[in-house]
Amino acid sequence: MLTRRCLPRLTQIYADPAKRLELYFRPKDPYCHPVCANRFPTSTVLLKVKRRTRKTKRLDTEDQTQPEVQFEMEILGTVTTVYKFQGMSDFQYLAMHSGPDGKPTSMYDKVLMLQPEKEEFFNRELPLYIPPPIFSRLDTPVDYFYRPDIQHRICALEA
């Protein structure tokens with residue numbers, strides 16, 4: 001569902017053809033990497049389809065019911081632009097730490113600076129937590145063309 005907060009940002013992305021649409025699986029997590037969609041022109045029709053199912057009892061058996069399905073379709077308009085998520089999702093990294101009982105606990109409240117902090121915040125004893133800045137540079141699959149090592153001959157120069 002779109003919220004009123006998202007609509008101005010979506011309008012900005014739609015107005016600039018060079019921008020990509022970003023989807024965050026965990027929007028409140030600053031360590032969440034987005035999945036990006038590219039813009040493509042299209043000429044398609046937008047349909048609204050309703051499926052209504054009504055159960056009717058069959059006469060030959062007592063407990064068997066045969067559903068009666070009806071579809072209603074309405075054309076809402078044409079679509080000229082679509083955004084396709086063609087890339088792979090990056091690895092998602094959660095700031096977790098295993099406590100003494102082995103139960104994982106979140107570290108977000110301990111490592112996130114939401115306001116300017118005093119010196120005590122930085123001198124606290126915490127488990128080591130170094131998040132990677134990014135796992136992969138590309139969001140589309142790439143064939144690396146791995147090849148076996150080439151054996152080179154050493155040519156001796158004759159005098």
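Residues numbered from 1 in each chain as written. Predicted model: local features only at pLDDT ≥ 70, side-chain atom pairs only at ≥ 80, totals over all residues. Heavy atoms only, no water.

## Comments concerning a nonpolar patch on the surface
What counts, and what does not: The patches reported here contain residues having more than 30% relative accessible area and no salt bridge. Joining distances are 9 Å for like charges and 5 Å for nonpolar side chains (Val, Leu, Ile, Met, Phe, Trp, Tyr). Accessibility throughout is a Shrake-Rupley quantity obtained with a 1.4 Å probe, and a residue counts as covered only by protein chains that appear here. Counted as salt bridges are all cases of a side-chain nitrogen of Lys or Arg within 4 Å of a carboxyl oxygen of Asp or Glu. Comment: elements are numbered from the N terminus, with helices defined as DSSP H or I runs of at least four residues and strands as E runs of at least two. Between buried and exposed lies partly exposed: a residue is buried under 20% and exposed over 50% of the maximum accessible area for its type, with that area taken using a 1.4 Å probe on protein chains only.
Together, V45, L47, V49, V69, F71, M73 and I75 make up an exposed nonpolar region whose accessible area comes to about 710 Å². Looking at the nonpolar patch, the elements that each hand over two or more residues are β2 (35-57) and β3 (65-84). In terms of residue count, the dominant contributor to the nonpolar patch is β3 (four residues). With respect to the element layout, V45 can be found in strand β2. On the basis of relative accessibility, which here comes to 51%, the residue V45 falls in the exposed class.

## What to know about the pattern of salt bridges
Here the structure, examined in full by the defined rule, presents one salt bridge. With a closest N to O distance of 3.2 Å, R52 and E72 form a salt bridge. Residue R52 is found in strand β2, and its partner E72 is found in strand β3; the two are separated by 20 residues along the sequence. For R52, a relative accessible area of 45% corresponds to the partly exposed category. When its relative accessible area of 38% is taken as the criterion, E72 is described as partly exposed.

## What to know about the confidence of the model for the chain
Formally: The quantity called pLDDT is the predictor's confidence in a given residue, expressed from 0 to 100.
Model confidence for the chain is summarised by a mean pLDDT of 79, while 74% of its residues fall at 70 or above. For the chain, the element scoring lowest by mean pLDDT is helix α2 (residues 108-111), at 74; β3 scores highest, at 91.

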